[in-house]
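Next come the chains, spelled out residue by residue.
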Amino acid sequence: MAMTAAEIEELILKSFPDAKVTIDDLRGDGDHYAAQIVSEQFRGLTRVQQHKMVYSAMDGKMGNELHALALNTSAPKN
Amino acid sequence: MEQDTKEKIENIINDNEVLLFMKGTPVMPQCGFSAAVVGVLSHMGIKFNSVNVLEDPEIREGIKEFSDWPTIPQLYVKKEFVGGCDIIREMHENGELTEYFQEAGINS
């Protein structure tokens, strides 16, 4: 059921090819991750919109295979 | 989603200015993420009502579709979806949440 950090990163990069992605396995159990994602695609969007984009990049896995993915999203600083 | 589930959700959201969909209750949260949001709201002294999604499987699934958001907890303020645990925590840490409640006319 669980996912590896590499699998998560791959899914994110598929939707956000420009992104800088950092993933932490918070408990080392393959089920609780934190992802920091910096992408130009987030610029001008609300956090809810940004997180929704990431959830949709996760292709339905969020809340199912993946219990917890804490998100921190932003656009690159100019 | 069934029409009556959607109506049920809409009614609860319309009837409660600050509403948290959570696992468990504010006194006995059943999930760390729900507990975190309860903690933030309590710390700020914001009065809120909550729905325990563990007691209602229809709402538990329905709210995810309703908000287009895959996880619980979910905070609604005056019918607007504000966010889940990460967003609430981040907004609390950088002070945005206080502003948000002030602008929404919610007093602590």
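So, here is what we can say about the structure in this document. (Residues numbered from 1 in each chain as written. Chains lettered and ligands numbered in written order. Predicted model: local features only at pLDDT ≥ 70, side-chain atom pairs only at ≥ 80, totals over all residues.)

### Regarding the sheet that holds strand β2 (residues 49-52) of chain B
Strand pairing in a sheet is mediated by backbone hydrogen bonds. Such pairs are either parallel or antiparallel.
Residues and elements named next belong to chain B.
Now for step 1: The mixed open sheet is built from four strands, whose spatial order is β2-β1-β3-β4. Every interior strand has two partners, whereas the edge strands, β2 and β4 (80-83), have only one. The sheet shows a mean angle of 25 degrees between the axes of neighbouring strands, direction not considered.
Now for step 2: Pairing of strand β1 (residues 18-22) with strand β3 (residues 74-77) involves four bridges; the strand directions are antiparallel. (Pairing = 2+ DSSP bridges. Helix = DSSP H or I, 4+ residues; strand = E, 2+ residues; numbered from the N terminus. Axes fitted to C-alpha atoms, helices over the stretch in contact; angles between N-to-C directions.)

### Some details on the sheet that holds strand β1 (residues 20-25) of chain A
Residue and element names in this part refer to chain A.
Now for step 1: Spatially, the three strands line up as an open sheet ordered β1-β2-β3, and their pairing is mixed. Single-partner strands in this sheet number two, and they are β1 and β3 (68-74). With direction set aside, neighbouring strand axes in the sheet form an average angle of 15 degrees.
Now for step 2: Bridging between β1 and strand β2 (residues 32-38) involves six bridges; their strand directions are antiparallel. Looking at β2, one finds that D25 is bridged to Y33.
Now for step 3: The sheet contacts of helix α1 (residues 5-15) involve β1 and β2, and relative to β1 the element is tilted by about 155 degrees.
Now for step 4: Lying on the sheet, helix α2 (residues 47-57) is in contact with β2 and β3; it crosses β3 at an angle near 125 degrees. (Contact = placed C-beta atoms within 7 Å.)

### A word on the pairing of β4(B)
Residues and elements named next belong to chain B.
Now for step 1: Bridging between β3 and β4 involves three bridges; their strand directions are antiparallel. Paired with Y76 across the two strands is F81, which belongs to β4.
Now for step 2: Hairpin connection of β3 to β4: two residues between the antiparallel strands, including K78 at a positive phi of 45 degrees.

### Digging into the nonpolar core
Now for step 1: Judged by nonpolar contacts, the single largest core of 26 residues is most densely connected at B:L20, B:F21, B:M22, B:V37, B:V53, B:L75 and B:I88.
Now for step 2: Only α1 (3-15), β1, α2 (32-44), α3 (57-67), β3, α4 (85-93) and α5 (96-103) of chain B provide two or more residues apiece to this core.
Now for step 3: Within the second largest apolar cluster, 14 residues are counted, among which are A:A35, A:V54, A:M58 and A:M62. (Core = buried A, V, L, I, M, F, W, Y, C linked by C-beta atoms within 7 Å. Buried ≥ 20, exposed ≤ 12 C-beta atoms within 10 Å, placed from the backbone.)

### A look at α3(B)
Residue and element names in this part refer to chain B.
Now for step 1: Inspection of α3 places I59, G62, I63 and S67 among the buried residues, and these make up the whole buried set. Each buried residue of α3 lies within a common arc of 115 degrees when the element is viewed along its axis, so the set occupies one face.
Now for step 2: Tucked inside the fold, the buried residues of α3 contact α1, β1, β2, β3 and β4.
Now for step 3: Residue D68 follows α3 closely and has a positive phi angle near 55 degrees. (Arc of directions from axis to C-beta.)

### Concerning the interface of chain A and chain B
Now for step 1: In this complex, chain A contributes nine residues to the contact, which on the side of chain B involves eight residues.
Now for step 2: Going through the elements one at a time, α2 and β3 of chain A are the ones with two or more residues in the side of chain A that touches chain B.
Now for step 3: The dominant element in the side of chain A that touches chain B, judged by the number of residues it contributes, is α2(A), at five residues.
Now for step 4: Here the side of chain A that touches chain B is composed, by residue class, of five nonpolar, two polar and two charged. (Nonpolar A, V, L, I, M, F, W, Y, C, P; charged D, E, K, R; others polar.)

### Things to note about the packing of α4(B) against α5(B)
Residue and element names in this part refer to chain B.
Now for step 1: Two elements in contact, α4 and α5, have axes whose closest approach is 5 Å; the angle formed by their N-to-C orientations is 95 degrees. The angle between α4 and α5 places the two elements in the roughly perpendicular class. Each of I88, M91 and H92 in α4 lies in contact with α5, whose residues at this interface are E96, L97 and Y100.
Now for step 2: Looking at the contact of α4 with α5 residue by residue, the classes come out as four nonpolar, one polar and one charged. (Parallel < 35°, antiparallel > 145°, perpendicular 65-115°, else oblique.)

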